[in-house]
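Coordinate inspection notes
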Protein chains: 2
Amino acid sequence: MSDFLRETSVAPVGEGLYRGHVAPEWNIGDNPNGGYLMAIAVRALRQTLAHPDPLSVTAHYLRPGLADAECEVKTQVIRTGRTLSTARATLVQEGKARLELLCAFGDLSAPAAPAPAHQKPAAQLPARLTLPPPPTPPPEACVARSGFIQGIDLPIGQRLDMRLHPDQAMAGGASQAEVTGWLRFRDGAEPSTDALLLFVDAFPPSMIPVLGNVGWVPTIELTVHVRRRPAPGWIQGRLCTEDLDAGRMIESACLWDSEGQLVAQSRQLGLVLAGG
Amino acid sequence: MSDFLRETSVAPVGEGLYRGHVAPEWNIGDNPNGGYLMAIAVRALRQTLAHPDPLSVTAHYLRPGLADAECEVKTQVIRTGRTLSTARATLVQEGKARLELLCAFGDLSAPAAPAPAHQKPAAQLPARLTLPPPPTPPPEACVARSGFIQGIDLPIGQRLDMRLHPDQAMAGGASQAEVTGWLRFRDGAEPSTDALLLFVDAFPPSMIPVLGNVGWVPTIELTVHVRRRPAPGWIQGRLCTEDLDAGRMIESACLWDSEGQLVAQSRQLGLVLAGG
């Protein structure tokens, strides 16, 4: 079993109640990565719902998660339809809610509705109706992520192999609040739809090239749309800060698989506490 | 009292329970506009929560809303912090849940945290840390929205004055899945943060310039981030389809106020049922 599958697994312990363990190997500094916590909650929802793929997952981060500690996930089905299941989940540690989720699950292997005549298979979609990956040098020509650029320890580097665009300055002063690069599991596990929930939140904050070291950027809310089941291989990512004001930032991320298909999009509301 | 305030108002009828009326004047075809229903639910949350501004609102559309019918909104506070309140709400009609919301409220007139030294006031933000409005001719040089382009009646035109970019072909075949234009209330009411929840969802689907008439595009999930309180005057909007596959589309919207400041962003997962 892969590190990711083992360390996001939850066991049913009651009606809509699951128990798991938050492993410290996915930390950013002292805090479990937000996408990792989301993936744990989604593993519980997967056991509750009939549909296989998380199409839309919104998580509100109520309190920091606790690393190397037990967690409980409470799930509640809101509606089950023919093509869609809607549900909520709460991830609890030491009696306190840490994450609140609202999700829609569906089946990415089937069309959502009778396909309109003008729609083509994904591989033939015109670029104007999807987002093609940005030009990024291949992983072997990129640089390994170091904790140095964010000024905090990155235990998550034990689990994820991350490569960043060699031309993106990480010292501040760049003209674009953008980070691009590549991600894969260190243990050789291939990406899954659940892994994409983690991957959208694993790159360094995209405002670093402009502002320099900004430390830990707590997420208030993160919404992920999984668009396609990823092909095996590296996942390519692009993050950009869309708006920063009064310490609140909006950051968008896109992920593509090794075949160049858009596999996930996300947007988050986060807090910038320090830096410059 | 403005049409919008009157027709989104809800009265408390119990602990976390509010009652209102869904007016038919905000319909797209036979269905109440999704952003209008979101605004009704947020009016109820406003009466429940201590913080004044909806910073992040996610709505899952479980069933179509009913126009010209009573509605109930059930609210539940998840967490109240010093700078943030998190809550859920359910909009119910005829005993069935129509919308499920998960929201964070805050105060847009105050910084989220002690401002980092490098952060400047919003008006001086470099373009690379916000999204400037696209070049669009002024409202008087744009064309009024007609129901014709979407092939359905637009009762919402009674309430909203909408102008679209004169060069955007609405017959299909365009090179970009993008719609830009202007919005304001017909009765002269100025935009509010609640109004932005409606405005992000009021423009025609942005895939129309590429695909032509696509009919009613039901929303599965819509997340809105309100970024700033809008200045009086027209609201400028830009929508684009980011990804369309197997009948499921992701569309993003941005709104700017009359001073050119980004006031709201949204992204939705919707279904394309017909067209071409």
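See the structure printed just above.
Turning next to the overall build of chain A. Within chain A, the secondary structure is distributed over four helices and 15 strands. Whereas a compact globule of 276 residues would reach a radius of gyration of roughly 19 Å, chain A reaches 18 Å, a difference of no more than 12%. Each principal axis of the C-alpha distribution contributes one length, and for chain A these read about 55 × 50 × 40 Å. Taking contacts inside chain A between residues at least 6 apart in sequence as the whole, the part at least 24 apart equals 69%.

Note on interface size: it is often stated as the accessible area lost on association of the parts. Taken together, the contacts link 66 residues of chain B with 66 residues of chain A. A combined buried area of about 5,900 Å² lies between chain B and chain A, and 55% of that area is made up of carbon and sulfur atoms. If you look at where chain B meets chain A, you find eight salt bridges. For the pair chain B and chain A, the interface holds 32 residue pairs in polar contact (both at pLDDT 80 or more). For the side of chain B that touches chain A, the element with the highest residue contribution is strand S15 (residues 262-271) of chain B, accounting for six residues. Within the side of chain B that touches chain A, the residues separate by chemical class into 34 nonpolar, 18 polar and 14 charged.

Glancing now at the relation of the copies chain B and chain A. Superposing chain B onto chain A takes a rotation of 180° plus a shift of 0.0 Å along the axis, which leaves an RMSD of 0.0 Å. Taken together, these values place the two copies in the relation of a two-fold axis. The residues that chain B uses at the interface reappear at the interface of chain A in 100% of cases, marking a shared surface.

Looking now at empty space enclosed by the protein. As enumerated under the stated definition, the model contains three cavities of 30 Å³ or more in all. Quantified by volume, the largest cavity comes out at close to 50 Å³. In this structure, the largest cavity is lined by Leu55, Thr83, Leu84, Asp107 and Ala112 of chain A together with Ile220, Arg248 and Leu271 of chain B. For the lining of the largest cavity, the residue count by class is five nonpolar, one polar and two charged.

What follows covers helix H2 (residues 34-48) of chain B. Residues and elements named next belong to chain B. For H2, built from 15 residues, the straight-helix expectation of 21 Å at 1.5 Å per residue is met to within 8% by its first-to-last C-alpha distance of 22 Å. Counting buried positions along H2 yields 12 of 15 residues, so the element is predominantly enclosed. Among the residues of H2, those classed as buried are Gly34, Gly35, Tyr36, Leu37, Met38, Ala39, Ile40, Ala41, Val42, Arg43, Ala44 and Leu45. Among the residues of H2, the N-terminal cap falls to Asn33, whose side-chain oxygen and the backbone nitrogen of Gly35 are separated by 2.8 Å.

Okay, the pattern of salt bridges next. Residues and elements named next belong to chain B. Scanning the model with the defined rule gives 34 salt bridges over all chains in all. Among the ionic pairs, Arg159 bridges to Asp3, the shortest N-O distance being 3.5 Å. Of this pair, Arg159 sits in the loop between strand S9 (143-144) and strand S10 (160-164) while Asp3 sits in helix H1 (residues 3-7), and the two are 156 residues apart along the sequence. Assigned by exposure class, Arg159 and Asp3 land together as buried.

Looking now at the nonpolar core. In terms of nonpolar packing, the biggest core is built from 75 residues, with Met38 and Leu101 of chain B touching the most fellow members. For this core, the element with the highest residue contribution is H2 of chain B, accounting for nine residues. Leu101 of chain B has contacts with Leu102 of chain A together with Met38, Ala41, Val42, Val57, Thr58, Ala59, Ala87, Arg88 and Ala89 of chain B, leaving out every residue within four places of it along the chain. Counting 74 residues, the second largest nonpolar core, distinct from the first, contains Leu49, Phe199 and Ala253 of chain A together with Ile250 of chain B.

On to the pairing of strand S14 (residues 248-256) of chain A, then. Residues and elements named next belong to chain A. Burial within S14 is extensive, with nine of its nine residues counted as buried. In S14, alternate side chains face the same way, and those of Arg248, Ile250, Ser252, Cys254 and Trp256 on one face and Met249, Glu251, Ala253 and Leu255 on the other are all buried. Where S14 hands over to strand S15 (residues 262-271), the hairpin turn is made up of five residues, of which Gly260 adopts a positive phi near 80°.

Moving on, we come to the packing of aromatic side chains. All names here are of chain B. Counting across every chain of the model gives 10 aromatic pairs over all chains. Their ring planes at 35° and their centres at 5.1 Å tell us that Phe4 and Phe185 sit as a pair that is tilted. Taken together, the residues Phe4 in helix H1 and Phe185 in strand S11 (residues 178-185) connect sequence positions 181 residues apart. Neither residue differs from the other here; Phe4 and Phe185 are each classed as buried. Ring geometry for Trp26 against Phe185: centres 6.2 Å apart, planes inclined by 85°, an arrangement best described as edge-to-face. On the criterion of sequence distance, the pair formed by Trp26 in the loop between strand S2 (17-22) and strand S3 (27-28) and Phe185 in strand S11 is long-range, its members being 159 residues apart. Since its relative accessible area comes to 0%, Trp26 is described here as buried. By relative accessible area, Phe185 is classed as buried at 4%.

All names here are of chain B. Unusually for a residue other than glycine, Asp68 sits at a positive phi of about 55°. Mapped onto the secondary structure, Asp68 falls in the loop between strand S5 (53-61) and strand S6 (69-80). By relative accessible area, which is 51% here, Asp68 ends up exposed. The phi torsion at Glu94 lies on the positive side, around 50°, for a residue other than glycine. Locating Glu94 in the fold gives a position in the loop between strand S7 (85-93) and strand S8 (96-106).

All names here are of chain B. By the criterion of burial, strand S13 (residues 235-245) is predominantly enclosed, with 10 of the 11 residues buried. Relative to S13, S11 runs antiparallel, the two sharing six bridges. In the strand pairing of S13, Thr180 is matched with Arg238. The turn joining S13 and strand S14 (residues 248-256), which pair antiparallel and follow one another in sequence, is formed by two residues; a positive phi near 55° is taken by Ala246.

All names here are of chain B. Relative to the helices and strands, Thr8 resides in the loop between H1 and strand S1 (10-14). Of the polar contacts made by the side chain of Thr8, one reaches the side chain of Arg43; its length is 2.6 Å. The contacts of Thr8, once residues within four sequence positions are left out, are Tyr36, Ala39, Ile40 and Arg43.

What counts and how
Residues numbered from 1 in each chain as written. Chains lettered and ligands numbered in written order. Predicted model: local features only at pLDDT ≥ 70, side-chain atom pairs only at ≥ 80, totals over all residues. Heavy atoms only, no water. Helix = DSSP H or I, 4+ residues; strand = E, 2+ residues; numbered from the N terminus. Rg over C-alpha atoms; globule rule 2.2 N^0.38 Å. Contact = heavy atoms within 4.5 Å. Buried area = accessible area lost by both parts, 1.4 Å probe. Salt bridge = Lys/Arg side-chain N within 4 Å of Asp/Glu carboxyl O. Polar contact = N/O pair within 3.5 Å; in protein donor to acceptor, adjacent residues only side chain to side chain. Nonpolar A, V, L, I, M, F, W, Y, C, P; charged D, E, K, R; others polar. Least-squares fit on C-alpha atoms with pLDDT ≥ 70 in both. 1 Å grid on protein atoms, 1.4 Å probe; cavity = no way out; pocket = protein on both sides within 12 Å on 5 of 7 lines; lining within 4 Å. Points joined across faces, edges and corners; volume = space filled by probe spheres on them. Expected span 1.5 Å × (residues − 1). Buried < 20%, exposed > 50% of the residue type's maximum accessible area, 1.4 Å probe, protein only. Core = buried A, V, L, I, M, F, W, Y, C linked by side-chain atoms within 4.5 Å. Pairing = 2+ DSSP bridges. Phe/Tyr/Trp six-rings, centres within 6.5 Å; stacked < 30°, edge-to-face > 60°.

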